[in-house]
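Per-entry structural report
Each chain, letter by letter, is given below.
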Amino acid sequence: MVPRVLLELFKKAPPDVLTQDLPQIMKILSRMSREDETVIRIDLLEQIPYIAVSAVEYKNRVPNLGPIISEHLLPIVVNNLGDKDNQIRKTAQLSLFFLLEKNLVTRTQAEIQVCPAVLGLSNSDTLMDYHTGSITLMSRLVPFLGREVTERVFLQRFSQLCMSNMFCVRKVCASHFGDFCAVIGKEAYDNVLLPSYLNLCADEIWGVRKACAEVIISVSSACSSAKRRMSLAPVFAKLLQDQSRWVRLSAFESLGPFISTFADPTSTRLAYNNVGELVLVNTDGTEFRITPSYSESNILRSVNELHMLFKEEANKDPTPLDSIWDLMEDPSENAEPTPGESTTESKIQIATDPVTKASADANTKTGASVDINNVFDVQSFDNLLKCLDETVSNWDTEPNVAAQDPFEDWKASNKNAESNDEQSTKEDLNYSIEFLTKPSPSQLLENTHNTIPTNTPNTEEKIISDASKNCENFTSNEEHPQQAIVPQVLIDHFVSMTDSNLAQESNNEMAYHCAYSLPAVALTLGSDNWHLLKNTVEVLAANMQYRVRRTVASSLYELAVILGPDIATNSLMPIFEGFIRDLDEVRIGVLKHLAHFLRLISPTIRNFYLPRLEGFLLTDNETNWRFRQELAEQLLLAVPLFCPRDACKHISFLAQELLCDKVAAVREVALLLVTELIRHMSSDPARTSRLLVKLDEKFAHSKRWKLRQSFALLCSKLLTSCALPPEQFANEVMPHFLDLSWDPVANVRLVVARTIAQHIITNEYFSDPNNAHFDGLQTVLRRLQADKDRDVRDCAGFHLSTVVQRVVPASSLL
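Let's shift gears to the overall build of the protein. Scanning the protein for helices and strands turns up 44 helices and three strands. Classification of the 814 residues of the protein by burial places 53% in the buried group. A fraction of 73% describes how many contacts in the protein between residues 6 or more apart in sequence connect residues 24 or more apart. Approximately 36,300 Å² of the protein is accessible, and the part contributed by carbon and sulfur atoms is 52%.

As structure tokens, this is what we get:
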């Protein structure tokens, strides 16, 4: 309550009174920040950002408000960063970063007041969370502090934490490597960060190595070309062949983006776009996304990791487990499922994700085939959810467990977290189900002071040497000529992502990640090395999963831009033809860039495929009007790519069909398409005349009033865009148009009245009193002005007085 009252005081209290009482008010806030009541301190910390903003806003009115952020508010936030209560710590962190992001704290103030507190937390021996929390704080602070302060204050301590005895600390360090890589200089990177990263890549805990695989892009982006090739590539290749399945999966997901960092920096560069995605930018500004956004693949994998562990241990006798952390971060490779396990018992398939499952359901409703591997083991997953639900219930009903410090189980997990005793690890995992359904406080507190043995750091040379030897065991395809851009072993691994055995092991995620990274990898290798990727693209285009095919379809245009017209015509066009007959979810990928893709194809082949565009008119779901709208928009862009004869023969049919659509949004774009088509054919008057006759017959005299209305709207578009000469319009179109002035439907007459009043009478050609059509138009306009429908009368008379005054002498109206 006090913080909210304080905001009002800043705003309304007399300056002299507030200046006098301000020291006492700050003492009250300081005392509140030390209250034993958690709710009070949390409320205070939540209000501090608002207090700080208000202090800056009203400091001109009350000058003493200026220094309260650094002297009073910031110390309150900093003092609560190390609180024992997790919620207080998190709230203090949020308040701190708000102050930093709004530039309410200077870099000097942050170095003097915040950095010592963060370093103090990293040296704390009480709670493990202090270490991991301090790493997170460091990582979020470094962009604000800049290179010089980061290297002087945090870098040494961060490198020490990378060699911590506690594996979870090393894992958090690995996860935040990219934040430091983006700030520090080349010398510090080469001498401190890179050796630390290479050590973590060789860590004996698979969770640490997995985190290393996930941040390889940021680490590689800060690396020199020589070290990237000589140091990172061999180490990453070893992660691709890691004993841990989860490390391998993470490494393969990062493989395509990692390959893209080998691109020539003079022609491409890594950057963040306006939505925060890491992209590869070409010299012309074209962006190629290299990493999928956090979506169903990440969620699926997290759930899948838990499910794997549960399924493997479900039928074993329960034995003690030190903590739930052992379940989540098991150091033993024996805890992982092997690729040979039954797929129905070791995997949660793609359909477990709500979004993907909904898409699959939609395909089923529309008659599309659903992938046979999208199977969901409902019973096993229900058991998992039931188990977790019972755990939450037990925690809610056992006050002793709920009151226990939330990080004691982390310390208890240290006893056997890095043990190489295979039997002990199996026994730990066997107890996982019983532990989750009924946690025991005595087990959580047992062996608190035991820690993980110190990880002996390997030298950079030894790690790279071992990794290089490991790479030699992977045989590259000798049929492909060698290229010098990317280490061949990485390319061999990348193309292997389409292998069916790997797809089965990864729950079919590898093919998706391979397809997503294709443009970036192709851009890195260049068109000269297309032969290395050609088979991979073809295999992905025929993948059983529609979302893999959709990803390839969406990137087909990007591949055509990268590879050039010859490869696009000879290799990508057959793939394009196959996608025309695919599911709507796949076809929309090629449809969104249809015109741009056709522009890159040789004219001969482009004309050959023109008749096949009619296949886009057929959709799996008739209500999918946005698909037809996209088709109309792409055809509008594609009209100039074809000669008038071919455009009239094929695109005119598509345009007329789209103009007959039931959805107004589709007809609106189709009107523009027909207008552009007639403009494009203006060089061939005879062919244009034949098309106008077809339009007259199909629309102007149709039994459907919406088609007659569309014809009236088309006449308006033809005049406003000057797509048709006025003389030809008057002779071949206007007679049918004026017939609609007698239409029984008011909405049709309304369009006719508006078109005459706003676009025909005002046209220089028709506004001449000597024009043969002038009197007839005036007669029709006056008749519509007297129409029985009020809206029609309004449209016909809106510009009538102005027009008549301009084209007829005023004396003649008297």
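All right, on to the packing of aromatic side chains then. A full pass over the atoms with the stated rule returns 11 aromatic pairs. Taking the centre distance of 6.3 Å and the plane angle of 80 degrees together, the rings of F729 and F766 count as edge-to-face. Here F766 lies in the loop between helix 41 (746-760) and helix 42 (774-785) and F729 lies in helix 40 (residues 726-739), a separation of 37 residues in the sequence. Under the relative-accessibility criterion, F729 is labelled buried at 0%. F766 sits in the buried class, given a relative accessible area of 0%.

The next thing to look at is the environment of D696. Relative to the elements of secondary structure, D696 occurs in helix 38 (residues 685-700). For D696, a relative accessible area of 5% gives the class buried. Placed 15 residues apart in sequence, D696 and F711 show a C-alpha to C-alpha distance of 7.8 Å. Filtering out sequence-adjacent residues up to four positions away, D696 remains in contact with H701, F711, E732 and H736.

Before going further, it helps to examine the pattern of salt bridges. Going through the model one piece at a time under the given rule, you end up with 22 salt bridges. A salt bridge links E577 to R612; the shortest N-O distance between them is 1.7 Å. One end of the pair, E577, is in helix 31 (residues 565-580); the other, R612, is in the loop between helix 34 (603-609) and helix 35 (625-638), and 35 residues separate them in sequence. When its relative accessible area of 17% is taken as the criterion, E577 is described as buried. With a shortest N-O distance of 3.3 Å, E676 and R679 are connected by a salt bridge. In this pair, E676 and R679 both sit in helix 37 (residues 664-680), three residues apart, roughly one turn of the helix. Judged by its relative accessible area of 34%, R679 is partly exposed. Residues participating in the shared-partner salt-bridge network are E111, E148 and R152.

Another aspect to go through is the environment of P143. Within the element layout of this structure, P143 appears in helix 7 (residues 128-161). Through-space distance from the C-alpha of P143 to that of A182 is 8.0 Å; in sequence the pair is 39 residues apart.

Where helix 35 contacts helix 37, the axes come no closer than 9 Å and their chain directions differ by 15 degrees. Between helix 35 and helix 37, the angle falls in the class roughly parallel. Crossing geometry of helix 35 relative to helix 37 is assigned as left-handed. Across the interface between the two elements, W625, R628, Q629, A632, E633, L635 and L636 of helix 35 pack against A665, V666, V669, A670, L672, L673 and E676 of helix 37. Across the contact of helix 35 with helix 37, the residue classes tally to 10 nonpolar, one polar and three charged.

Locating D584 in the fold gives a position in helix 32 (residues 584-591). Within polar-contact distance, the side chain of D584 engages the side chain of R587 at 2.7 Å. Residue contacts for D584: discarding those within four places in its chain leaves L618, T619, D620, N621, N624 and F627.

With 69% of its residues at a pLDDT of 70 or more, the protein has an overall mean of 76. Confidence over residues 800-814 falls short of pLDDT 50; this stretch has 13 contacts with residues more than four positions distant or in other chains.

With that out of the way, let us pick up unusual backbone geometry. The bulk of non-glycine residues show a negative phi, and the bulk of peptide bonds are trans. The phi dihedral of N103 falls on the positive side, at around 60 degrees, and the residue is not glycine. Checked against the element boundaries, N103 lands in the loop between helix 5 (86-101) and helix 6 (107-122). You can call N103 exposed: its relative accessible area is 61%.

Let us now look at the state of the cysteines. Within the structure shown, the criterion is met by zero disulfides. Cysteine C162 is unpaired, with the sulfur of C173 as its nearest cysteine sulfur at 4.1 Å.

Among the nine residues of helix 11 (residues 206-214), eight are classified as buried, and the element is accordingly described as predominantly covered. Burial in helix 11 covers these residues: W206, G207, V208, R209, K210, A211, C212 and A213.

Along the polypeptide, P265 turns up in the loop between helix 14 (245-260) and strand 1 (268-272). Look at P265 and you get exposed, because its relative accessible area is 62%. Along the backbone, P265 and T524 are 259 residues apart, and their C-alpha atoms lie at a distance of 9.9 Å.

Let's shift gears to helix 8 (residues 167-175). In terms of burial, helix 8 is a largely internal element, seven of the nine residues being buried. Among the residues making up helix 8, those that are buried are F167, C168, V169, R170, V172, C173 and A174.

About the cut-offs
- Residues numbered from 1 in each chain as written.
- Predicted model: local features only at pLDDT ≥ 70, side-chain atom pairs only at ≥ 80, totals over all residues.
- Heavy atoms only, no water.
- Helix = DSSP H or I, 4+ residues; strand = E, 2+ residues; numbered from the N terminus.
- Buried < 20%, exposed > 50% of the residue type's maximum accessible area, 1.4 Å probe, protein only.
- Contact = heavy atoms within 4.5 Å.
- Areas by Shrake-Rupley, 256 points an atom, 1.4 Å probe, with all protein chains shown as cover.
- Phe/Tyr/Trp six-rings, centres within 6.5 Å; stacked < 30°, edge-to-face > 60°.
- Salt bridge = Lys/Arg side-chain N within 4 Å of Asp/Glu carboxyl O.
- Axes fitted to C-alpha atoms, helices over the stretch in contact; angles between N-to-C directions.
- Parallel < 35°, antiparallel > 145°, perpendicular 65-115°, else oblique.
- Left-handed = near helix turned anticlockwise from the far one by under 90°.
- Nonpolar A, V, L, I, M, F, W, Y, C, P; charged D, E, K, R; others polar.
- Polar contact = N/O pair within 3.5 Å; in protein donor to acceptor, adjacent residues only side chain to side chain.
- pLDDT = per-residue confidence, 0-100.
- Disulfide = S-S within 2.5 Å.

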